[in-house]
Amino acid sequence: MTPLRSGGSVPGVVEADDLGTYVVKFTGSAQGHKALVAEVIVGELARALGLRFPELVLVHFDPAIADDEPHQEVRDLHGASAGVNLGMDYLPGAKDFTPEIAKVFPVDPLEAGRIVWLDALTVNVDRTVHSSNLMVWPTLGTVPPRLWLIDHGAALVFHHRWDTTTPGKKYDFRHHALGHYAPDVRAADAELAPRVTEELLRAVVAEVPDPWLAEDAGFATPDDVRAAYVDYLLTRVRLSQEWLPTDFPSRAELAAEEAARAAKTQQGRPAWLKRVPDLHGKPAAEQDWSVHLG
């Protein structure tokens, strides 16, 4: 296996005994079981609605496999993750949907609208311009590259505080990764909302293993937690007109915001640092520091 040290969960690329290769997220990560629950529910819901999302599998992991890992932090993570973990089918050669790729990659407004709509329904606040959690795949061969959704551990934010949120709450999606594609969220709502039924939601939450739900305070059994997810999402989809995001900035507005942010960052730097050249001899004052600082 190969650890991936990008992101907070430190997943790993694992070759399993079914001859498949998966990106595995571990139960021992600092993000906890709720992140894995969100991965399953949002991922399976995306697939059921026809969006491209890699297959999920349950991976039985033996920490002894990673005994030769040189980093103590990673060894500790693996040691705490014995048993069932979550694997996502590995997309070989896939590329991150970066802001640079987003400037030229074609995305249909309806496809963009479907993805934004799903994120708004499931309160996925982690698909932004600077952190898209989207992949472009395939990147080789004759098949045209398409967008694939990944990483939904930050979604379903309501399950961290069940008693303090309401299903009709509106969230800020102005800086969604696909906002500048003029996403047709109203058409997506008309198409997808009727398909999010109680039957579908029950089938989706049934995929979550009992141990990942057993520790949720305030619920007696894992089935009680599943029922809470179904009730919340079913109510939220019925209230879609209250939370439907429509206020997206244009490409020009995003560029202006980025330029203003970069200028503000540059103004806050001491004069001596502005004069320090980069490796190519270019003065710091002429560099785009926003790229380096994120």
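Just above, that's the structure.
Scope of this entry: the structure provided in the associated data block. Computed from a prediction, not measured in an experiment: that's the story for all the values here.

The rules behind these values
Residues numbered from 1 in each chain as written. Predicted model: local features only at pLDDT ≥ 70, side-chain atom pairs only at ≥ 80, totals over all residues. Heavy atoms only, no water. Helix = DSSP H or I, 4+ residues; strand = E, 2+ residues; numbered from the N terminus. Buried < 20%, exposed > 50% of the residue type's maximum accessible area, 1.4 Å probe, protein only. Contact = heavy atoms within 4.5 Å. Areas by Shrake-Rupley, 256 points an atom, 1.4 Å probe, with all protein chains shown as cover. Polar contact = N/O pair within 3.5 Å; in protein donor to acceptor, adjacent residues only side chain to side chain. Expected span 1.5 Å × (residues − 1). Arc of directions from axis to C-beta. Phe/Tyr/Trp six-rings, centres within 6.5 Å; stacked < 30°, edge-to-face > 60°. Core = buried A, V, L, I, M, F, W, Y, C linked by side-chain atoms within 4.5 Å. Salt bridge = Lys/Arg side-chain N within 4 Å of Asp/Glu carboxyl O. Pairing = 2+ DSSP bridges.

## Some words on the overall build of the protein
Along the backbone of the protein there are 11 helices and 8 strands. In the protein, buried positions account for 46% of the 294 residues. Taking the contacts inside the protein whose residues are at least 6 apart along the sequence as the reference set, 72% of them involve residues at least 24 apart. Here the protein displays about 15100 Å² of accessible surface, and carbon together with sulfur accounts for 55% of that area.

## Re the environment of Asp184
Checked against the element boundaries, Asp184 lands in the loop between strand 8 (146-149) and helix 5 (185-192). By relative accessible area, Asp184 is classed as partly exposed at 34%.

## Here we look at the side chain of His176
Considering the arrangement of structural elements, one finds His176 in the loop between strand 8 and helix 5. Within the local environment of His176, its side chain forms a polar contact with the side chain of Asp119, the two groups lying 2.7 Å apart. Polar side-chain contacts of His176 include one of 3.0 Å to the backbone nitrogen of Leu178. The contact partners of His176, leaving out residues within four places of it in the chain, are Ile115, Val116, Asp119, Arg127, Thr128 and Val129.

## Notes on helix 9 (residues 251-267)
End to end, helix 9 covers 24 Å across 17 residues, agreeing with the expected 24 Å (1.5 Å per residue, within 8%). Within the sequence span of helix 9, burial applies to Leu254, Ala262 and Gln266. Around the axis of helix 9, the buried residues are gathered within 110° of arc, so they sit on the same side. Opposite the buried face of helix 9, at more than 90 degrees from it, the exposed residues are Ala252, Lys264 and Gln267.

## Let's talk about the packing of aromatic side chains
Each aromatic ring pair is specified by the distance between its two centres and by the angle formed by the two planes. Within the structure shown, the criterion is met by 11 aromatic pairs. Ring geometry for Trp162 against Tyr232: centres 6.4 Å apart, planes inclined by 80°, an arrangement best described as edge-to-face. A residue pair is termed long-range when its members are at least 10 positions apart, and Trp162 in the loop between strand 8 and helix 5 and Tyr232 in helix 7 (residues 222-238) qualify at 70 residues. Taking the relative accessible area as the measure of exposure, Tyr232 reaches 7% and is therefore buried.

## Some details on the nonpolar core
With 66 residues, the main nonpolar core has Ile41, Phe97, Trp117, Leu147, Leu156, Leu178 and Tyr229 as its most contacted residues. Sorting the residues of this core by element identifies helix 1 (32-48), strand 5 (83-89), helix 4 (109-121), strand 7 (134-137), strand 8, helix 5, helix 6 (198-205) and helix 7 as the ones contributing at least two each. When near neighbours in sequence (up to four residues on either side) are disregarded, Trp117 contacts Leu49, Val185, Ala188, Asp189, Leu192, Ala193, Val196, Val237, Trp243 and Leu244. Val14, Tyr22, Val24 and Phe26 belong to the second largest nonpolar core, which has 10 residues in total.

## A word on the pattern of salt bridges
Taken as a whole and assessed by the stated rule, the structure comprises 13 salt bridges. One salt bridge connects Glu44 with Arg47, and the closest N-O pair in it is separated by 2.9 Å. Placement of both Glu44 and Arg47 in helix 1 is noted, with a separation of 3 residues, approximately one turn of the helix. On the basis of relative accessible area, Glu44 is assigned to the buried category, the value being 18%. Bridged by salt links that share partners, the residues Lys25, Glu39 and Asp151 form one connected network.

## With respect to the sheet that holds strand 7
Spatial ordering of the open sheet is given by 6-7-8, a layout of 3 strands whose pairing is antiparallel. Bordering the open sheet on either side are strand 6 (95-96) and strand 8, each of which pairs with just one other strand. As judged from the 4 bridges shared by strand 7 and strand 8, these two strands associate in the antiparallel manner. Counted as the bridge partner of Leu134 is Leu149 from strand 8.

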